[in-house]
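Listed below are the residues making up each chain.
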Amino acid sequence: MDKWMLIDGNSIIYRAFFAMPPLTNSAGLHTNAVYGFTTMLLKLLEEEKPTHVLVAFDAGKVTFRHEGYTEYKGGRQKTPPELSEQFPVLKELLQSFSIAQFELAGYEADDIIGTLTRMADEQGVETIVVSGDKDMLQLASEQVTIALTRKGVSEVDRYDPAEIQEKYGLTPLQIIDLKGLMGDASDNIPGIPGVGEKTALKLLHEFESVEGVLANTNELKGKMKEKVEAHKDDALMSKRLATIYREVPLENQTDELAYGGYDKAALAQSFRKLEFRSLIDRLELPEAGEADGAEAVAAATYEIIRVDSDTDVSSLKAFLAQSESVYIEAYGENPHQSQLLGLAVAAGEQVYVIDCDTLESPVGQPVRDWLADDKAPKYGYDLHKAELALSWHHITFCGTAFDVQLAAYLLDPTETNQTLNFLAAKYGIPAIASDEAVYGRGAKFKVPDFEEVARHLAAKADTVRRLVPLQQGDLEKTDMTKLYYELEQPLSIVLARMEKRGIRVNAQTLEELGSELEHKLVSYMSDIYQHAGMEFNINSPKQLGEVLFERLGLPVIKKTKTGYSTDAEVLEKLEPYHEIVRLILYYRQLSKLQSTYVEGLLKEIRRDTGKVHTYYRQTIAATGRLSSQFPNLQNIPIRLEEGRRIRKAFVPSEPDWLILGADYSQIELRVLAQISGDENLKEAFVHDMDIHTKTAMDVFGVSADAVDANMRRQAKAVNFGIVYGISDFGLSNNLNITRKDAARFIEQYFEAFKGVRAYMDNIVMDARRDGYVTTLLERRRYLPEIKASNFNLRSFAERTAMNTPIQGTAADIIKLAMVRMDEELRKRNLRSRMLLQVHDELVFEVPPDELETMKTLVPEVMESALALDVPLKVDVNYGINWYETK
DNA sequence: GCTCTCACG
DNA sequence: ACGTACGTGAGAGCC
């Protein structure tokens with residue numbers, strides 16, 4: 001006979017965390033919740049002897065319960081970092097146990113368990129549900145027993161329907177009504193104020209359900225009657241929220257729950273990493289080394305050595321010469337102004353640690369020499385940031401040999417968690433503490449005494465050391481070794497140089513623009529108030545919505561989750577109805593310029609240099625593009641003249657020099673021509689045709705001179721759509737035409753560019769077969785949702801499959817050009833400097849005597865960055881500021 | 001901290 | 001029938 005055991009993972013790990021005293025392993029990782037969970041699990045496995053076991057987890061923050069009640073679980077204390085760092089550890093440990101774990105986007109663990117108990121009821125399988133949450137009692141049945149933790153996690157109370165009846169006088173389903181009436185503060189479910197368990201039980205014994213109570217309020221008296229009547233809707237909503245959803249799509253997955261006992265060697269290895277020695281003894285697991293065949297991974301064991309004035313210089317130097325990794329702690333998001341805490345260097349069983357003050361003192365000289373030594377190879381984590389942070393402390397960093405953050409990005413560019421403790425968990429090497437657990441975050445950020453920092457840095461350096469060979473192997477397996485060593489890693493150094501260099505921004509130009517904007521804004525504001533007949537905050541979408549749609553009665557075009565939409569698309573549709581709309585649109589435009597670009601940029605100008613220093617992030621964008629922060633210099637206005645004037649403030653940093661901009665013409669469509677091999681499209685670029693006119697000719701079936709401006713505009717939108725992974729819905733939306741017409745355009749396009757259609761079809765099939773797509777340089781992006789049964793998720797993945805190779809290859813190409821360009825400038829001893837990258841554009845500052853050289857060199861390098869069948873084309877412009885490079 | 005809006009390619 | 005265009009970052013409002 002089968003017996004299922006279904007464990008509410010989130011509930012139990014929370015209980016365990018708060019029930020157990022703090023406990024850490026030697027790398028500083030908190031392990032108390034995992035320990036508590038494990039002891040409970042072992043006990044239950046022993047007592048229940050299940051044939052199938054599952055641990056269910058909540059996935060993500062937003063569930064279907066938030067639809068219609070966004071405050072669900074609002075006001076909840078944030079998970080403490082000491083607990084959140086234990087989630088990946090628990091998940092890995094469960095793998096060692098060979099126990100199945102489910103989590104599903106949009107659903108909570110309860111819903112998964114609720115669905116499985118429904119199946120158990122239908123199939124007559126004996127089941128035990130383990131949780132700390134009383135809500136689970138609603139799932140109890142003939143087949144299903146609920147075990148609720150008591151006093152922490154060491155004891156459980158088991159409930160079947162009879163016991164629930166005995167204790168509460170309710171059926172399992174009435175547990176839902178109980179919560180509907182009394183609410184639940186921890187989930188922010190309101191219930192009826194003033195109704196607690198006692199009152200709720202009394203009401204239910206009399207009227208059976210929430211609905212019953214609400215239908216019979218006439219039988220209630222006084223305050224109680226008032227309260228219930230005033231909160232009818234709350235009670236009904238609370239009941240809905242408390243109802244566990246039992247139809248989660250989990251078809252045919254019950255086989256995956258089969259549990260055949262744990263692998264002793266694997267479990268022993270996990271316990272050793274966590275340093276659960278008592279459990280190793282208790283289960284009589286093999287000691288390290290005696291594991292049969294299984295590779296024995298010891299817990300982190302290394303000696304931490306502080307570098308100080310007593311340190312023997314020659315042994316320090318000898319150690320550095322054979323170092324295996326370095327971890328440099330630059331704390332803070334912006335490396336141009338981060339706090340340098342110190343660094344750790346690891347080799348074998350030893351880790352040297354040095355604090356920032358010592359590093360900058362004479363005692364730190366050997367370490368500084370080593371950091372600056374180009375011939376001393378360094379394996380590290382986010383060395384791009386480290387190099388930048390060190391440079392602001394006048395410490396040179398050279399010799400990057402491998403960067404585990406950069407490698408992690410290439411191996412999975414969509415994974416946003418690139419922290420070392422996460423990578424350690426992912427690769428199954430000794431678990432370490434999270435930064436958040438050591439330093440806190442945001443307002444709670446605090447640097448602990450260096451003793452603790454040193455332990456943490458040592459653990460991180462040791463982790464880097466262990467990760468390197470594993471990631472190198474993975475890069476090899478995924479054909480990205482070359483991409484890594486020949487493109488991304490060299491680029492990271494080029495980027496650091498560009499960032500440190502910065503770009504000069506003329507504050508006076510911005511201030512003048514700012515006061516001009518200020519005058520206009522004041523004037524528009526008063527006109528808007530006149531038309532509205534009242535004063536309000538135009539910047540508040542909420543207040544603006546009330547004025548437009550309630551006070552002035554304009555038609556509602558679109559709604560957002562929280563109210564009326566007032567975005568530009570909506571306002572444009574409202575223009576004919578009221579004069580105020582045009583004014584608001586203009587006000588919005590100017591106020592964006594003022595706050596983000598004038599005021600925002602002014603704040604970023606460094607007093608000492610008069611420059612702004614952006615920070616390019618190389619490990620963010622899923623397609624392989626760079627992103628830019630603090631400030632973002634990749635979204636400086638250009639499309640509208642008003643905003644474009646911001647670019648007048650970007651000037652050369654030396655007198656008489658010039659700004660030179662070079663941008664790829666239609667790089668994405670050229671890349672599409674290349675990877676699709678479409679003859680018609682290739683032909684168009686070989687003849688350097690105006691591609692939107694060419695598209696218009698083919699889509700509308702006319703000659704070049706018959707293409708008018710509107711046809712070209714529509715063709716341009718079709719081209720954009722193609723690059724984005726087209727759909728008739730998207731195109732119709734963009735062009736404000738019917739879906740049918742949009743579909744006709746698309747069909748016409750594919751008739752003319754048959755190779756493009758084949759590419760789109762094939763890439764989606766490839767993605768489905770392989771689970772990923774690649775760029776020309778083998779950059780990879782996984783698309784697990786391409787197989788989703790949910791139409792939306794799947795469609796999104798399909799469009800991504802079409803777009804990523806195009807956008808990603810374009811990113812590959814300009815990155816190659818940047819590395820080449822940097823080399824050329826040095827090789828030729830040119831003084832010209834590369835300053836910015838804006839996806840398809842490079843910006844330089846150039847001394848006048850190098851202008852002619854650069855005007856030919858830059859396009860030459862960019863156009864030949866990657867040899868294709870389709871020519872690449874670069875337009876070059878220059879002037880006294882960025883505005884003039886048009 | 002989340003939502004909305006909007007700037008860029 | 002379903003219901004979105006691809007990739008980013010920043011400021012303001014609001015809870």
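Residues numbered from 1 in each chain as written. Chains lettered and ligands numbered in written order. Predicted model: local features only at pLDDT ≥ 70, side-chain atom pairs only at ≥ 80, totals over all residues. Heavy atoms only, no water.

Chain A appears in an unreviewed UniProt entry as DNA polymerase I from Paenibacillus spongiae. Within the UniProt record for chain A, the comment given under Catalytic activity (unreviewed entry) is "DNA(n) + a 2'-deoxyribonucleoside 5'-triphosphate = DNA(n+1) + diphosphate". For chain A, the Subunit (unreviewed entry) comment in UniProt is given as "Single-chain monomer with multiple functions." (UniProt positions renumbered as here; feature names shortened; annotations may be inferred.)

I would appreciate a short explanation of the overall build of chain A in the present structure.
Helices and strands together make up the secondary structure of chain A, namely 36 helices and 23 strands. At 32 Å, chain A has a C-alpha radius of gyration in line with the 29 Å of a compact globule built from 886 residues. Principal axes of the C-alpha set define a box for chain A whose edges measure 90 × 80 × 55 Å. Taking all 886 residues of chain A together, the buried fraction comes to 55%. Taking as baseline every contact in chain A between residues at least 6 positions apart, the subset at least 24 positions apart corresponds to 67%. Counting only carbon and sulfur atoms, one obtains 49% of the accessible surface of chain A, whose full area is about 39700 Å². If you average the places of the 102 positive and of the 136 negative side-chain charges in chain A, the two averages end up 3 Å apart. (Helix = DSSP H or I, 4+ residues; strand = E, 2+ residues; numbered from the N terminus. Rg over C-alpha atoms; globule rule 2.2 N^0.38 Å. Buried < 20%, exposed > 50% of the residue type's maximum accessible area, 1.4 Å probe, protein only. Contact = heavy atoms within 4.5 Å. Areas by Shrake-Rupley, 256 points an atom, 1.4 Å probe, with all protein chains shown as cover. Lys, Arg positive; Asp, Glu negative; His and termini not counted. Charge placed at Lys NZ, Arg CZ, Asp CG, Glu CD.)

What is the right way to look at the protein's contact with DNA strand C in this model?
Neighbouring residues of DNA strand C: 35 residues in total, closest Ser540, Ser627, Asn632, Phe796 and Arg799. Within the side chain of Ser727, an N or O atom sits 3.0 Å from a base nitrogen of DNA strand C. Arg781 has a polar side-chain atom sitting 2.8 Å from a phosphate oxygen of DNA strand C. Counting only elements with at least two residues in the surface near DNA strand C, the list comes to α26 (579–604), β16 (627–629), α31 (709–724), α32 (728–735) and α35 (791–827). Sorting elements by how many residues they give to the surface near DNA strand C places α35 first, with 7 residues. A per-class count over the surface near DNA strand C returns 10 nonpolar, 20 polar and 5 charged. (Near = heavy atom within 4 Å. Polar contact = N/O pair within 3.5 Å; in protein donor to acceptor, adjacent residues only side chain to side chain. Nonpolar A, V, L, I, M, F, W, Y, C, P; charged D, E, K, R; others polar.)

How should I be thinking about the domain arrangement of chain A in this particular structure?
Where the parts come together, the accessible area they lose is often given as the size of the interface. Assigned domains within chain A: domain 1 (1–160 + 251–284), domain 2 (173–244), domain 3 (286–502), domain 4 (505–612 + 620–650) and domain 5 (652–678 + 753–886). Of note, the centres of domain 4 and domain 5, computed from C-alpha atoms alone, are 30 Å apart. On the side of domain 5, 20 residues touch domain 4, which itself brings 15 residues to the contact. Taken over both partners, the interface formed by domain 4 and domain 5 buries close to 1800 Å², and the fraction arising from carbon and sulfur atoms is 58%. On the surface where domain 4 and domain 5 come into contact, there are 1 salt bridge. Residue Arg625 pairs with Glu668 through a salt bridge whose shortest N-O separation is 3.6 Å. (Domains from an automatic or database assignment. Buried area = accessible area lost by both parts, 1.4 Å probe. Salt bridge = Lys/Arg side-chain N within 4 Å of Asp/Glu carboxyl O.)

Please clarify how the confidence of the model for chain A should be interpreted in this entry.
Do not read the fine detail of predicted coordinates wherever pLDDT is low. In this model, chain A carries a mean pLDDT of 89, and residues with pLDDT of at least 70 account for 96%. Counting contacts from residues 290–297, a segment whose pLDDT is below 50, to residues more than four positions away or on other chains yields 10 contacts. (pLDDT = per-residue confidence, 0-100.)

Any chance you could explain the protein's contact with DNA strand B here in plain terms?
Around DNA strand B, a shell composed of 23 residues is seen, among which Thr566, Arg588, Ile638, Arg639 and Asp840 lie nearest. For DNA strand B, the backbone makes up 74% of the atoms found within 4 Å of the protein, where backbone means sugar plus phosphate. At 3.2 Å, a side-chain N or O of Thr560 approaches a phosphate oxygen of DNA strand B. Here a sugar or linking oxygen of DNA strand B sits 2.8 Å away from a polar atom, N or O, in the side chain of Asp840. The element contributing the most residues to the surface near DNA strand B is α26, with 3 residues. Residue composition of the surface near DNA strand B, by class: 7 nonpolar, 8 polar and 8 charged.

What's the story with the sheet that holds strand β1 (residues 3–8) in this structure? I'm lost.
Two pairing modes exist for strands in a sheet, parallel and antiparallel, and in both the strands are linked by backbone hydrogen bonds. The strand order β3-β2-β1-β4-β5-β6 describes an open sheet built from 6 strands, whose pairing is mixed. Strand pairing shows two members of the sheet lacking a second neighbour, β3 (100–102) and β6 (155–159), which therefore form its edges. Across the sheet, the mean angle from the axis of one strand to that of its neighbour is 25°, orientation sign disregarded. Against the sheet, helix α2 (residues 32–48) engages β1, β2 (52–56), β4 (126–131) and β6, with an angle of about 165° to β1. (Pairing = 2+ DSSP bridges. Axes fitted to C-alpha atoms, helices over the stretch in contact; angles between N-to-C directions.)

I keep staring at the pattern of salt bridges and nothing clicks. Help me out?
Working definition: two side chains of opposite charge can pair if their charged atoms are close together. Applying the stated rule across the entire model yields 60 salt bridges. Between Arg158 and Glu47 there is a salt bridge; the shortest N-O distance is 2.9 Å. Residue Arg158 is found in strand β6, and its partner Glu47 is found in helix α2; the two are separated by 111 residues along the sequence. What emerges from the salt-bridge pattern is a single network uniting Lys3, Glu47, Glu48, Glu126 and Arg158.

When you look at the packing of helix α28 (residues 667–676) against helix α34 (residues 754–770) in this model, what are you seeing that I'm missing?
A pair of packed helices is captured by two measures, namely the crossing angle of their axes and the spacing between those axes. Closest axis-to-axis distance for the α28/α34 pair is 9 Å, and the angle between their directions is 80°. As summarised for this structure, α28 and α34 are arranged roughly perpendicular, according to the angle between their axes. Across the interface between the two elements, Leu672, Ile675 and Ser676 from α28 touch Gly755, Val756, Tyr759 and Met760 from α34. Here the contact of α28 with α34 is composed, by residue class, of 5 nonpolar, 2 polar and no charged. (Parallel < 35°, antiparallel > 145°, perpendicular 65-115°, else oblique.)

Could you clarify how one ought to interpret the side chain of His613 in this entry?
Tracing the backbone shows His613 in the loop between β14 (611–612) and β15 (615–617). A polar side-chain atom of His613 sits 3.1 Å from the main-chain carbonyl oxygen of Lys500. Setting aside chain neighbours within four positions, we find His613 in contact with His336, Trp392, Glu499, Lys500, Arg501, Gly502, Arg606, Phe630 and Pro631.

Hey, could you run me through empty space enclosed by the protein in this one?
Under the defined criterion, the tally for this structure stands at 5 cavities of 30 Å³ or more. Mapped by element, the contributors of at least two residues to the lining of the largest cavity are α18 (404–411) and β15. Tallying contributions element by element places β15 first for the lining of the largest cavity, with 3 residues. Grouping the amino acids of the lining of the largest cavity by side-chain chemistry returns 3 nonpolar, 5 polar and 3 charged. Approximately 60 Å³ is the volume found for the second largest cavity. Val89, Glu92, Leu93, Ser270, Lys273, Leu274, Ile429 and Ala431 are the residues that line the second largest cavity. Those elements giving two or more residues to the lining of the second largest cavity turn out to be α4 (86–96) and α12 (264–274). For the lining of the second largest cavity, a count of residues per class yields 5 nonpolar, 1 polar and 2 charged. (1 Å grid on protein atoms, 1.4 Å probe; cavity = no way out; pocket = protein on both sides within 12 Å on 5 of 7 lines; lining within 4 Å. Points joined across faces, edges and corners; volume = space filled by probe spheres on them.)

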